[in-house]
Amino acid sequence: MDRLKHALLDYHERSKHRLSCYAPGPGGLDWATQPDPFRVFHGTPRVGLPLAADILATRYNELRCGTLPPAHGIDLSNLAILFELSLGLSAWKTYGAQRWALRCNPSSGNLHPTEGYLLCPALPGLSAGVYHYLSRDHALEHRAAVNEQQWTEAFSESGVLVGISSIHWREAWKYGMRAWRYCQQDCGHVIAAMSYAAAALGWQTRLIEAAADDAVGDLLGVDRREDFRDAEAEAPDLLLWIGSPETRPDLESMRIALERAEWHGRANQLSPGHVMWPDIDSIHRVTHKTYTREPLSPNVERRPAPATPALDLSFARIARQRRSAVNFDGTTRISDAAFFGMLACLLTHPDTPPWNALTSPAEVHAALLVHRVDGVEPGLYMLVRNPEALPGLQRSLRSEWLWQKTGPKDLPLYLLLPYDLRAAAKLICCHQDIGADSCFAVGMIARFEIALNQPWRYRYLFWECGVLGQVLYLEAEAAGVRATGIGCFFDDEMHALLGVTDHTWQSLYHFTVGGAGDDERLSVVPPYDIQP
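Residues numbered from 1 in each chain as written. Predicted model: local features only at pLDDT ≥ 70, side-chain atom pairs only at ≥ 80, totals over all residues. Heavy atoms only, no water.

Asks: Looking at this structure, how should I read the overall build of the chain?
Replies: On a plain count of helices and strands, the chain comes out with 17 helices and 20 strands. Against the compact-globule benchmark of 24 Å for 532 residues, the chain has a radius of gyration of 22 Å, which places it among compact chains. Seen along its three principal axes, the alpha-carbon backbone of the chain occupies a region of about 65 × 55 × 50 Å. Expressed as a percentage of its 532 residues, the buried residues of the chain come to 62%. Put simply, 82% of the contacts in the chain that link residues at least 6 apart link residues at least 24 apart. Approximately 20400 Å² of the chain is accessible, and the part contributed by carbon and sulfur atoms is 49%. Each charge class in the chain can be summarised by its mean position, and for the 49 positive and 62 negative side chains these summaries are 2 Å apart. (Helix = DSSP H or I, 4+ residues; strand = E, 2+ residues; numbered from the N terminus. Rg over C-alpha atoms; globule rule 2.2 N^0.38 Å. Buried < 20%, exposed > 50% of the residue type's maximum accessible area, 1.4 Å probe, protein only. Contact = heavy atoms within 4.5 Å. Areas by Shrake-Rupley, 256 points an atom, 1.4 Å probe, with all protein chains shown as cover. Lys, Arg positive; Asp, Glu negative; His and termini not counted. Charge placed at Lys NZ, Arg CZ, Asp CG, Glu CD.)

This is the structure:
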């Protein structure tokens, strides 16, 4: 364990951006080796999915308040909606002769290292087996055909599994050593995106935390070397159970059924050339997860529903209009009601997306640098998402902080320092104006010591950060503003601001929310109007 702890700390420290130098990266972009954003399994039977999301009546505000519609039937049409509004394309952007796709799930640099899989019993319109979701075509590629009776018996109740994997090279091409971090954050965004889309169909989502990486790899077929001969490897990440929250499928029975499955397809090569990043391979091995027990669901205090947002949008619309802001205008302000409503949605709520997907207690808290919120004094605040963490945070951060409770009674928000921190926010965000020009910036502060005791939880902490980020994305859209995730930040400058002096707490992800301007040079095309 000491060896793993040392290796984890070594990666974490050396992958930090610092004022004196940035984390090791490629130094420049080799456009000739830019990875294909779409994984395709050549030779697989395909099932085209209908574009049915527009018939979904669920409003976004209903989901954030935990008011789910009656459960829709699990069939091809509704699974099509699930994937369309979570992993599907949301638009194409064009500039001159260039074009690139946007998706409902955000990604660092729009590189999309995440791949999605469906594991399902025999359903109306769909045979039992393992499928890969090809977002470009909104289609399922039937990777593994199974014995339907044996496979279906493993699903104790009506439900399906969604598997997630990552292709590290897609991020490493641009970001080098730090890319592994971004892949994990993207996993968190996908967990949340899938949870929201499932809830819009009346379904609950649960992360199967006990699933070992080897089991996930077997079930998704990403460990089949013969299918990835010249193609970039996929790292197995996680499984999500979508169905009754009281039941789980029998993963071992599914693995046994796959021993006699008929597999189809070969993965496409995404890039003609590669740069090896041994540090990514190392942290991948260090955080490899063997079997762990499912955590006991924490006793979460039920809180009042958040205030109604400014825009009453359908979930389908808000999922597809979500964008990452490139810059902020530096003048837009939001109301204190909107601000407090956003923060309320960052708190865990039983059976409310996206927090219904996670069963472990909250381990990530939000340090807020507030600049332009009406009725809220500019300064440094802390949203303590788990009340049990408050004493530890108070001991670990600067002794002079006020810790003055502020905002609505039920919101665990504390004022630490009343001060104009725009210059600090810009500095921490790698000198980017977007930190200072926002309404507020967020540093996600994780209880890092749990990763030192259980290295695979290093990944989990990043996932939790990604979930928080997805909430902020949708909340910003509903408030009539915009958000963006910031992977480029000076880790230890944030720690110095807070007073963090050891590895008990670490900053893992940053976010900003503000008034964004559109680039009128770009044209936007509907997501499935462009044919491959």
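Asks: Looking at this structure, how should I read the state of the cysteines?
Replies: Such a bond, covalent and formed between the sulfur atoms of two cysteines, is termed a disulfide. In this structure the tally under the stated criterion is one disulfide. What pairs with Cys-430 in a disulfide is Cys-488, and their sulfur atoms sit 2.4 Å apart. With the S-S bond torsion at -100°, the cross-link from Cys-430 to Cys-488 turns out left-handed. Of this pair, Cys-430 sits in the loop between helix H13 (422-428) and helix H14 (433-436) while Cys-488 sits in the loop between strand S18 (482-486) and helix H17 (491-498), and the two are 58 residues apart along the sequence. Judged by its relative accessible area of 25%, Cys-488 falls in the partly exposed class. (Disulfide = S-S within 2.5 Å.)

Asks: I would appreciate a short explanation of the packing of aromatic side chains in the present structure.
Replies: For any two aromatic rings, the description comes down to two numbers: the centre-to-centre distance and the angle of the planes. Evaluated as defined, the whole model comprises 23 aromatic pairs. On the numbers, 4.9 Å between centres and 35° between planes, the contact of Phe-83 with Tyr-133 is tilted. Placement of the pair is Phe-83 in helix H3 (residues 76-84) and Tyr-133 in strand S6 (residues 129-134), with a sequence separation of 50 residues. Phe-83 sits in the buried class, given a relative accessible area of 1%. With centroids separated by 4.9 Å and ring planes inclined at 90°, the aromatic side chains of Tyr-175 and Tyr-182 adopt a geometry described as edge-to-face. You can call Tyr-175 partly exposed: its relative accessible area is 23%. Residue classification places Tyr-182 among the buried positions, given a relative accessible area of 4%. Through successive ring pairs, a cluster of aromatic residues spans Tyr-11, Trp-180, Phe-448, Tyr-458 and Phe-462. Geometry around Phe-489 places Arg-178 over its ring, the cationic atom sitting 5.0 Å from the centre. (Phe/Tyr/Trp six-rings, centres within 6.5 Å; stacked < 30°, edge-to-face > 60°. Lys NZ or Arg CZ within 6 Å of the ring centre and 35° of its normal.)

Asks: Can you walk me through the pattern of salt bridges in this structure?
Replies: Any two side chains of opposite charge can pair, given that their charged atoms come close. Within this structure, the stated rule accounts for 34 salt bridges. The residue Asp-374 makes a salt bridge to Arg-333 at a minimum N-O spacing of 2.6 Å. Within this pair, whereas Asp-374 is found in the loop between strand S13 (364-370) and strand S14 (379-383), its partner Arg-333 is found in the loop between helix H10 (315-321) and helix H11 (336-344), the two being separated by 41 residues in sequence. Judged by its relative accessible area of 37%, Asp-374 is partly exposed. A salt bridge links Arg-447 to Glu-363; its shortest N-O distance comes to 2.9 Å. On the criterion of sequence distance, the pair formed by Arg-447 in strand S17 (residues 440-447) and Glu-363 in the loop between H11 and S13 is long-range, its members being 84 residues apart. The network of salt bridges with common partners includes Glu-13, Lys-16, Arg-18 and Asp-492. (Salt bridge = Lys/Arg side-chain N within 4 Å of Asp/Glu carboxyl O.)

Asks: Would you explain the pairing of S14 in this entry?
Replies: Consecutive side chains of a regular strand alternate in pointing toward one face of the sheet and then the other. Across the five residues of S14, five count as buried, placing the element largely inside the fold. In terms of strand pairing, S13 meets S14 through five bridges, oriented antiparallel. Bridge assignment links Ala-367 to a residue of S14, and that residue is Met-382. (Pairing = 2+ DSSP bridges.)

Asks: Mind showing me how you'd approach the sheet that holds strand S20 (residues 523-525) here?
Replies: Either a parallel or an antiparallel arrangement is found when strands of a sheet pair, and the pairing is made through backbone hydrogen bonds. Overall, antiparallel pairing links the three strands, which are arranged S4-S3-S20 in an open sheet. Strands at the two margins of the open sheet, each flanked by one partner only, are strand S4 (98-103) and S20. Taking each pair of neighbouring strands and ignoring which way they run, the sheet shows an average axis angle of 30°. In the sheet, strand S3 (residues 89-95) pairs with S4 via six bridges, with the strands oriented antiparallel. Note that in S4 the partner of Leu-89 across the bridge is Arg-103. (Axes fitted to C-alpha atoms, helices over the stretch in contact; angles between N-to-C directions.)

Asks: What am I meant to see in helix H6 (residues 179-200) here?
Replies: Quick reminder: α-helices carry 3.6 residues per turn. Residues three or four places apart thus point the same way. For H6, spanning 22 residues, the distance from its first C-alpha to its last is 32 Å, which sits close to the expected 32 Å at 1.5 Å a residue. H6 sits mainly inside the fold: 22 of its 22 residues count as buried. Phi turns positive, to about 85°, at Gly-202, one or two residues after H6. (Expected span 1.5 Å × (residues − 1).)

Asks: Would you mind showing me how to read the side chain of Glu-141 here?
Replies: Within the secondary structure, Glu-141 is located in strand S7 (residues 139-145). Within the structure, Glu-141 has its side chain in polar contact with the backbone nitrogen of Phe-41 (distance 3.2 Å). (Polar contact = N/O pair within 3.5 Å; in protein donor to acceptor, adjacent residues only side chain to side chain.)

Asks: Quick question: what am I supposed to make of unusual backbone geometry here?
Replies: Trans is the common state for peptide bonds, and a negative phi is the common state for residues other than glycine. Of the consecutive residues Pro-353 and Pro-354, the connecting peptide bond is found in the cis state with omega at -5°. When you line up the elements, Pro-354 lands in the loop between H11 and S13. Positive phi is not limited to glycine here, since Asn-110 has a value of about 55°. By the element assignment, Asn-110 lies in the loop between S4 and strand S5 (114-120). The exposure class assigned to Asn-110 is partly exposed, which follows from its relative accessible area of 28%. One non-glycine residue, Cys-430, lies in the positive phi region at around 55°. A relative accessible area of 8% means that Cys-430 is categorised as buried.

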